[in-house]
Amino acid sequence: MFKGFAHFWLIVLLLLSTIGFTLYRLQDPNFLTSEARQVNLYSRALNQYDALLPTDSFKTGSLTKDDVKTVLTAAIDGSTFYDMLGQYLTSELHYLTGQSIEPNFNYDLTAIKGRASDKTAEVLNAKYDALPVCGANQTHDWSLATQLPSCKLADTNIAQTDISRSISALATKAVEPLPDKISLTTTSPASERNRQIISIAVKVVKGIWLATGILLLLYLIFRRRKAFLPLGIIFLFVGVIQVGLSLFVWDWLGRNVTDLLVKNPHYAAYSTTINNTVSIIVQVLKTIFGTLSIVTLGVGVGCLALAIFWRPKPILGKL
C-alpha cells in the first residue's frame, strides 16, 4: 500500500518538478538573452521592423523600406540590440518575480539616433548622386526641405557642401520622431495582477521541488538498496512521458496562446510578430524540457545499474 502510494506521487511530483523547472527558467534574463542570440532574434526583429516602429517614424518619403532597414542595421547593431533586450528583461522579470518594487528600464537612444541620422544622410546622398541632372524648367520649385527632389542641380549651380548640408538637415529631420530614450518605470493593474500570479507560481514550484526531494529522500531511507530498481523504472517512465509531451504539448500551447493574443483587437496588427515571438518561446521551452527528459532517462538508467550492482547475492548451500 505504502509503496504504491509513494510510486504514484513520485511520478506525479517528478513530472511536475520538471515542468516547473522549465517554466522557472523563463525568469532568468541572462538565459533568455542567450537563447535570443541562439535563435538570431536580432535578424528576425529587423525583418519585422515596420510592425514594431511607430507609423510616423522616419518622416521622409525618400527612404524605401529597404533603406529604412539599412539605417536601422547601422543604428542598432546586434550588440546594442541584445544589450537593450537584456536590460529590459532584467527590469521586467525582477519586477514580476518580486525582486524589485517596480520596473526600472531606462535606455538612452541618443547614440542610436546619431548613427541613424548619419546613415540616413549617407543613403540620401547616394540616392541624390544617382538622380538625373535637372533641366532648365525643373529648377523653379526645386527643394531639399522635406524630401529628395526628382533631379539634381548641375555642379555649377550650387556647391556640393551646400547639398550635403541640406541632406544632413533632411536626415536629422527624418529621425527626429524617434524618442531620445526609452523609459518604462510605471505599472498598471494588469501588470500588478501578473506579478501576484507569477509570485504565487514561483512559490508553488519551489514547494513542489521541496516535496519531491523529501519524498525521494524518505523512499531511499526506508527502502535503501531496494529503492533503486523501482526508482529506475519510475524515472524511465517519467522520461518517456516527458519525451511524449515535448512532441506536441508545447506546440499546442503556443498555438493557443497565439490565437488568444491575435484575437485581441489591440494586438491584431502585430500578428506576425506575435507568432514569431511565441514560436521562439516555445522552442526555448522544448529545448529545456528536452534536456530534462534526457537527464531523467539518464537517472533512470543509472538507478537500474545501481540496482543490478547492489542486487542481493545468492547464498549457496554447503556441498
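Just above sits the structure.
Here is what the cut-offs are and how they apply
Residues numbered from 1 in each chain as written. Predicted model: local features only at pLDDT ≥ 70, side-chain atom pairs only at ≥ 80, totals over all residues. Heavy atoms only, no water. Salt bridge = Lys/Arg side-chain N within 4 Å of Asp/Glu carboxyl O. Buried < 20%, exposed > 50% of the residue type's maximum accessible area, 1.4 Å probe, protein only. Helix = DSSP H or I, 4+ residues; strand = E, 2+ residues; numbered from the N terminus. Axes fitted to C-alpha atoms, helices over the stretch in contact; angles between N-to-C directions. Parallel < 35°, antiparallel > 145°, perpendicular 65-115°, else oblique. Left-handed = near helix turned anticlockwise from the far one by under 90°. Contact = heavy atoms within 4.5 Å. Nonpolar A, V, L, I, M, F, W, Y, C, P; charged D, E, K, R; others polar.

For the structure on display, the rule yields five salt bridges. Notably, a salt bridge pairs Arg25 with Asp28, separated by 3.4 Å at the nearest N-O pair. Look at Arg25 and you get partly exposed, because its relative accessible area is 25%. Residue Asp28 is classed as partly exposed on the basis of its relative accessible area, which comes to 24%. Where Lys113 meets Asp180, a salt bridge forms, and the shortest distance between an N and an O atom there is 3.1 Å. Here Lys113, found in helix H7 (residues 110-129), pairs with Asp180, found in the loop between helix H8 (160-175) and strand S2 (181-184); they are 67 residues apart in sequence, far enough to count as distant.

Right, let's get into the packing of helix H5 (residues 65-75) against H7. Packed helices, taken two at a time, are described by the angle their axes make and the gap between the axes. Two numbers describe how H5 lies on H7: the axes approach to 8 Å, and their chain directions differ by 140 degrees. In terms of their interaxial angle, H5 and H7 are classed as oblique. Along this stretch, H5 crosses H7, giving a crossing that reads as right-handed. The segment H5 lies against H7, with Asp67, Thr70, Val71, Ala74 and Ala75 engaging Ile112, Arg115, Ala116, Lys119, Thr120, Val123 and Lys127. For the contact of H5 with H7, a count of residues per class yields six nonpolar, two polar and four charged.

Function cannot be inferred from these measures alone, as they are strictly geometric.
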